[in-house]
Amino acid sequence: MDDDQQESMLPIANVGRIMKQILPQTAKISKEAKQTMQECSTEFISFVTAEASDKCHKENRKTVNGDDICWALSTLGFDNYAEAIVRYLYKYREAERHKANQNKANSSQDKP
């Protein structure tokens, strides 16, 4: 694998950390297993993102958002992932709204 290909992949240390979170503490992960997961996960992200990007292009939009990713997952047959991501996206947006409201409240209290 050349340097350009390596640069476009997820960092192998991050892939290894994610893998370790799932496995028992005593489990070991070979370098080959990490590299295989690195290649597969990078390809999966590229595949889904390309589908979402095509949708945005057809709709004359430049920005891919979370809803586009959910749509792409579903369109590509990854409905289980799409459902989980929709739930996550909802919770994330709720948390961001809550944080924004907290910041507004704090800034209005600071003013005389």
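First, a word on scope: everything that follows refers to the structure included in this document. This structure is a prediction, so every number in the text was calculated from the model and none was measured. (Residues numbered from 1 in each chain as written. Predicted model: local features only at pLDDT ≥ 70, side-chain atom pairs only at ≥ 80, totals over all residues. Heavy atoms only, no water.)

Right, let's get into the packing of aromatic side chains. Taken as a whole, this structure holds 4 aromatic pairs when the rule is applied. Aromatic pair Phe 44 and Tyr 81: ring centres 6.2 Å apart, planes at 55 degrees, arrangement tilted. On the criterion of sequence distance, the pair formed by Phe 44 in helix α3 (residues 31–58) and Tyr 81 in helix α5 (residues 79–110) is long-range, its members being 37 residues apart. Taking relative accessible area as the criterion, Phe 44 reaches 32% and is therefore assigned partly exposed. Between Phe 78 and Tyr 81, the aromatic rings sit 6.0 Å apart at their centres with planes inclined by 65 degrees, giving edge-to-face as the arrangement. Taking relative accessible area as the criterion, Phe 78 reaches 24% and is therefore assigned partly exposed. Under the relative-accessibility criterion, Tyr 81 is labelled exposed at 51%. Aromatic rings pair up to connect Phe 44, Phe 78 and Tyr 81 into one cluster. (Phe/Tyr/Trp six-rings, centres within 6.5 Å; stacked < 30°, edge-to-face > 60°. Helix = DSSP H or I, 4+ residues; strand = E, 2+ residues; numbered from the N terminus. Buried < 20%, exposed > 50% of the residue type's maximum accessible area, 1.4 Å probe, protein only.)

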